[in-house]
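# Notes for the structure review
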4 protein chains.
Amino acid sequence: MNAMTTVSTIKALVYHGPGKKAWEEHAKPVVINPTDAVVRITKTTICGTDLHILKGDLPSCTPGRILGHEGVGVIDSVGSAVTAFKVGDRVLISCVSACGKCEYCRKGMFSHCTTGGWILGNTIDGCQAEFVRTPHADTSLYPIPEGADEEALVMLSDILPTGFECGVLNGKVQPGATLAIVGAGPVGLAALLTAQFYSPGEIIMIDLDDNRLETSKRFGATQTINSGDGKAVEALMKLTDNRGVDTAIEAVGIPATFELCEQIIAAGGVIANIGVHGVPVALHLERLWDRNISITTRLVDTVSTPMLLNVLKAKRIEPKRLITHRFKLTDILQAYETFGDAAKTKALKVILEA
Amino acid sequence: MNAMTTVSTIKALVYHGPGKKAWEEHAKPVVINPTDAVVRITKTTICGTDLHILKGDLPSCTPGRILGHEGVGVIDSVGSAVTAFKVGDRVLISCVSACGKCEYCRKGMFSHCTTGGWILGNTIDGCQAEFVRTPHADTSLYPIPEGADEEALVMLSDILPTGFECGVLNGKVQPGATLAIVGAGPVGLAALLTAQFYSPGEIIMIDLDDNRLETSKRFGATQTINSGDGKAVEALMKLTDNRGVDTAIEAVGIPATFELCEQIIAAGGVIANIGVHGVPVALHLERLWDRNISITTRLVDTVSTPMLLNVLKAKRIEPKRLITHRFKLTDILQAYETFGDAAKTKALKVILEA
Amino acid sequence: MNAMTTVSTIKALVYHGPGKKAWEEHAKPVVINPTDAVVRITKTTICGTDLHILKGDLPSCTPGRILGHEGVGVIDSVGSAVTAFKVGDRVLISCVSACGKCEYCRKGMFSHCTTGGWILGNTIDGCQAEFVRTPHADTSLYPIPEGADEEALVMLSDILPTGFECGVLNGKVQPGATLAIVGAGPVGLAALLTAQFYSPGEIIMIDLDDNRLETSKRFGATQTINSGDGKAVEALMKLTDNRGVDTAIEAVGIPATFELCEQIIAAGGVIANIGVHGVPVALHLERLWDRNISITTRLVDTVSTPMLLNVLKAKRIEPKRLITHRFKLTDILQAYETFGDAAKTKALKVILEA
Amino acid sequence: MNAMTTVSTIKALVYHGPGKKAWEEHAKPVVINPTDAVVRITKTTICGTDLHILKGDLPSCTPGRILGHEGVGVIDSVGSAVTAFKVGDRVLISCVSACGKCEYCRKGMFSHCTTGGWILGNTIDGCQAEFVRTPHADTSLYPIPEGADEEALVMLSDILPTGFECGVLNGKVQPGATLAIVGAGPVGLAALLTAQFYSPGEIIMIDLDDNRLETSKRFGATQTINSGDGKAVEALMKLTDNRGVDTAIEAVGIPATFELCEQIIAAGGVIANIGVHGVPVALHLERLWDRNISITTRLVDTVSTPMLLNVLKAKRIEPKRLITHRFKLTDILQAYETFGDAAKTKALKVILEA
């Protein structure tokens, strides 16, 4: 092992149980397994899931954990079995760690890697820190292409592959087809941006927040519906000549929005769930059993990252449109406040720069 | 129009409201649209759906309707636009009528044909009669291959394509993969027979009835579970090293069996629903949102009928194994009794011969 | 049958053997089969295939035939079995006639319809006339959407579905992937326009004509190569870091261009042939047997027409960019001259207005 | 590194240039890279490709090379980065080495792994030896399931995945469909065995050798054609009502057999090439351009090995039927003679036991 830096403590955002977090000193992460790398973070961000953890919703994430699963940085040290990266390389960190060997990785289901999956900032220390240990480095990091915009790349750690894989790919978005996205938060907007790779005919964005609907229009939505009046189904049916939509992407994670998708899906359509759900939903099979529909769920596999890097390189997407605020990494507590109060601050994604 | 027979009345099984049916005289069906054919029934059968209608579960089927949507027969007369069949041709009747022209038919979603779909014995008079009018004849009837066994073919009207399309094709059954079928009634057994086209590694049949499980074994199930003790999930998990199954086919149509499928599906798997559901089920997205699963629903399209005819011709399936009883068509009331009391009579499919 | 017009003769462009054609009087087409419609042409165009016929290359097209297989118009009369259209409807004519019933039509392979396929202006009289008889009208004509631009629609008769189905769909163009199109004539440009539905990363256009390469740039090509110096392979390999392309679309139809595709295809890639070939090509299996490639051929099925209509409606494509010249239908001989001398006139598609 | 044995020399079958080979002493292979394993061979076999090498057909294989790329054995030592295997484990060796990390491995195209692919017994020393070094052990070896028959497993190193992936999967064999396999040698027979996973309707085997055609019948062919009279096309067309076949698998590797496939392929069909070709073939695009066919090539990826292991475990295939002769490993020269004179010895696969 060959390390670039010799510091022994770092600053990091540490979870201390429901409602509690601190920006504090922490031992610097080191290579544990020969396939690990340690990365010096240059840019990271905050995910809606981090707010869930802070509410105490994810028992898998225990007090003492450094949060964060997104970011770019510079390789600081590598284990003896790492062959694709060397100290000094600039890398994109995938939110999902993949061994590349197990039954699931061989199928491209990295999310279920038996020794990986979403572990960063969850069951092992994460990226909201000056340094992070990334397991299975060869298959979980990506070299940053020459001249790439690192802010844009931070969007490729999680939010763009999540919107793309769970929403767009699972939803089988097709040229000319009709798509509704329920939820215009960051991940719904990521689905909106990546859905346009396939030239759908109509993209109808549904949300309660007029500001986010306005943003959706700028991002490519052809129609928007504010569902606050409880009449979203009627409005959508009117827009689609009572056919409903070929694809409905659920990007909220509560029963009301999922059941809305059940009501607006056309015969033969797909409901692609992205939302993180905490309770069961009612599946109206008494109406849907003969409608030839599919429902999909997915934890992002980040298997599309190479494709997204190519699309980004070709300038066919502008991920930076998702970034609304920028902070110094040392101001991360303030960034959390801004991000956590999105209704007021209109925050989508915030960039934290080390 | 050129007709073969000149009778003006026929005998037919007529629905007279919940709990009431009669084998009675009825006007002989005639060609109404130029694309119609009238078929003299030689063999027909009874479907579980017919029992549902008789319970009053399907408001679309109104009193006075001749029941039945399965059968084989001989063309008696054809409309002026019918080009594929002529009087005297022996034909298989598909349970789904397809115009071949509408948006849905062009996608192979015949079940949603805007002027067809499942209408026989539902919204128009059906096949449990001496004669039946079949709309869209060119695209809803199939010529009976030389030397074919007509009893076997009756199984291709509905039950085999239903088990195959809704269960096996939607469930993406693969060589070597693990499959559970919940419900060993006729349609579950049809799924069992057709699943073997794809050489799955394990086929685990789950039911409450030991007789049907025994039949499943003879039909190719590699394992059976009697779910009567409420421990089917544990039993299945033990059989699959706690992985669950790649495909779970729901062939009952009640919440308990659907939720069983939710519990036994492996990460990355497919739940393929065949069951006709009357009430919503609880979809446990709080456990499934990150399991990368799919759930499919489907009313049979009978788009696989040409493939099934080829498989039958090649003797790679023996549909007659589903037939347990045979009656004269005139004894149809007795056939209904036998079929309706399957727990005692062990009936699967009954053949009615004209 | 109910006819709109009562004229008995029309003017039409008639093929009289190699090198000979005339704009002359002809008996007005009438409904022959109950599924026919007669359409009064309002706009038509000339296809490269028409030039092939005039050279005597297509023995299937015999002297006396009215040429043309593209156009839009107004229904003038319909046969008794036509249900989707009535006299006075404005329609798009597909270059492929499809019965919707035969084995091939049921698979979406309309090009091989046993009583249809490409017959218009080939084995039956075609669209370069004041009126045309269209067989299988219900499944071969498309209603013109309200407010649609009819010039744009003429491009949907043949050239756009040909470029899209034979090139883009068969070529499995993917977001971020690398695509080469060999041949920047009208059909290659149609592939270029429709390839962009899938957001490829690089689109490299290869041709001998700098004007057409210039046009390609305006139409969305990211790179162009003039192959006149015999070094197209080297140039392309340089542009792709020696990987070659994921998809190579052959849009010329001669051995040299097909073999160029063999040389530039990446491991795992697809060569999608559109070109009409007159002689065999050398397939270098000694180099390609272990390269995991696919080669596809296809006569357009026009099965994508509904999708293309949706994309057009959503304004995600501008087919009119293919139109370079406009003529009165009565000036069709002049239009042929202009179209036939494309190197000088820079003609792509010409519109003939009745 | 922890080694099981301490010997320093082994016996191996070494290639010494065209026509020359010897069973001789050789330095024992050792772990070079941390991802390597050394395997003590317990069973191996000879492949047709080995004969090609001995003829001098493969310049990539240079004199001094130990031949062989198939076998099972016991882990003798492992590199420091190997996590899936330990000394003493019984393993199946895949003929293709896959790093699991590179662009190609991530797509499942292991054959094109940038540091692997088919290298064993080609560019690095192989399996016809007492010990072999296997690179990328974690992703190129498979644990042998408890109680598995090791002779059967040797067939999973190369021949079964080759027939299955290059022939059956690429050829999209479907239930009820019509399949021809041209060439009834070991790989053609492997395609025949694995094609039956998908229940095709007709399997027509074409070869010059009546003995092999007889074997084909026993292995499941429904029809056989001896092409020695030059009338195979006519014979096949007769068997298929002049339609041709949905899938044609080329398992010979010469122009005559490939062009036979071009003549017998139905519209819409797939020609799946397995044969190793040394010279170009004539692709008759003048007849095929409008036939909607696909042609595929592939070097086996062995990505289907887990599926094949499952099918084997479920006893849905009997790979041992391919084994005709058994020898001691020390008698390998005699085994080569028997295998090389298959026309006389009727050899298919030979097992060499250490």
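Scope of this entry: the structure provided in the associated data block. Since the structure is predicted, the reported quantities are computational estimates derived from the model, not experimental observations. (Residues numbered from 1 in each chain as written. Chains lettered and ligands numbered in written order. Predicted model: local features only at pLDDT ≥ 70, side-chain atom pairs only at ≥ 80, totals over all residues. Heavy atoms only, no water.)

## Structural notes on the pairing of strand β12 (residues 245-250) of chain A
All names here are of chain A. Summarising burial for β12: six of the six residues are buried, a large majority. Note that strand β9 (residues 178-182) and β12 share four bridges and pair parallel. Residue I181 lies in a different strand from β12, and its bridge partner there is I249. For β12 and strand β13 (residues 265-273), the ladder comprises five bridges, and the chain directions are parallel. The residue bridging A248 from the neighbouring strand is I271, located in β13. What joins β12 to β13 is helix α9 (residues 255-264), and the crossover it makes is right-handed. (Buried < 20%, exposed > 50% of the residue type's maximum accessible area, 1.4 Å probe, protein only. Helix = DSSP H or I, 4+ residues; strand = E, 2+ residues; numbered from the N terminus. Pairing = 2+ DSSP bridges. Right-handed = clockwise from strand over helix to strand, strands pointing away.)

## So, helix α7 (residues 210-219) of chain A
Because each turn of an α-helix spans 3.6 residues, side chains separated by three or four positions end up pointing in the same direction. Residues and elements named next belong to chain A. Taken together, the buried positions of α7 are occupied by R212, L213, T215, S216 and F219. The arc enclosing the buried residues of α7, seen along the axis, measures out at 155°, which places them on a common side. Among the exposed residues of α7, those pointing more than 90 degrees away from its buried face are D210 and R218. The N-cap of α7, judged by a side-chain oxygen 2.7 Å from the amide nitrogen of N211 a few residues on, is D209. Residue G220 follows α7 closely and has a positive phi angle near 120°. (Arc of directions from axis to C-beta. Polar contact = N/O pair within 3.5 Å; in protein donor to acceptor, adjacent residues only side chain to side chain.)

## Describing the packing of aromatic side chains
Aromatic ring pairs: the centre-centre distance and the angle between the two ring planes describe each pair. Throughout the structure, instances matching the rule amount to ten aromatic pairs over all chains. With centroids separated by 5.4 Å and ring planes inclined at 65°, the aromatic side chains of F164 of chain C and F197 of chain C adopt a geometry described as edge-to-face. Of the two residues, F164 of chain C is situated in helix α5 (residues 159-169) and F197 of chain C in the loop between α6 (186-195) and β9 (202-207); the sequence distance between them amounts to 33 residues. A single burial state applies to F164 of chain C and to F197 of chain C, both of which are buried. Here the aromatic residues F164, F197 and Y198 of chain A together with F164, F197 and Y198 of chain C are joined through ring pairs into a cluster of three or more. If you follow K28 of chain A out to its NZ or CZ, it ends over the ring of F131 of chain A, 4.6 Å from the centre. (Phe/Tyr/Trp six-rings, centres within 6.5 Å; stacked < 30°, edge-to-face > 60°. Lys NZ or Arg CZ within 6 Å of the ring centre and 35° of its normal.)

## Concerning the relation of the copies chain B and chain C
Of the transformation placing chain B onto chain C, the axial shift is 0.0 Å and the rotation is 180°, giving an RMSD of 0.0 Å. Within this description, the copies of the chain are treated as partners about a two-fold rotation axis. The fraction of interface residues of chain B whose copies in chain C are also interface residues reaches 100%, indicating that both copies meet through the same surface. (Least-squares fit on C-alpha atoms with pLDDT ≥ 70 in both. Contact = heavy atoms within 4.5 Å.)

## Observations regarding the interface of chain C and chain D
Where the parts come together, the accessible area they lose is often given as the size of the interface. Counting residues at the interface gives 36 residues for chain C and 36 residues for chain D. Summing both partners gives a buried area of about 3,000 Å² for chain C against chain D, and 57% of it is carried by carbon and sulfur. When the area that chain C buries against chain D is broken down by residue, the three leading residues are W289, N292 and T297 of chain C, summing to 23%. Our count for the contact surface shared by chain C and chain D stands at two salt bridges. With its nearest N and O atoms 3.1 Å apart, the salt bridge here joins E103 of chain D to R243 of chain C. Here chain C is connected to chain D by 21 residue pairs in polar contact (both at pLDDT 80 or more). (Buried area = accessible area lost by both parts, 1.4 Å probe. Salt bridge = Lys/Arg side-chain N within 4 Å of Asp/Glu carboxyl O.)

## Quick look at the interface of chain B and chain C
Contacts between chain B and chain C engage eight residues on the former and eight residues on the latter. Surface buried jointly by chain B and chain C totals about 940 Å² across both partners, of which 48% is contributed by carbon and sulfur atoms. Contact with chain C buries area across many residues of chain B, yet K101, R106 and T139 of chain B alone supply 54% of it, more than any other trio. Taken together, chain B and chain C are joined by two salt bridges. Between K101 of chain B and D138 of chain C there is a salt bridge, and its shortest N-O distance comes to 2.2 Å. The interface formed by chain B and chain C includes eight residue pairs in polar contact (both at pLDDT 80 or more). Broken down by class, the residue content of the side of chain B that touches chain C amounts to two nonpolar, three polar and three charged. (Nonpolar A, V, L, I, M, F, W, Y, C, P; charged D, E, K, R; others polar.)

## Observations concerning the environment of A256 of chain C
All names here are of chain C. Mapping A256 onto the fold places it in helix α9 (residues 255-264). The class of A256 is exposed, set by a relative accessible area of 56%. On a C-alpha basis, the gap between A256 and A282 in space is 9.4 Å, while along the polypeptide they are 26 residues apart.

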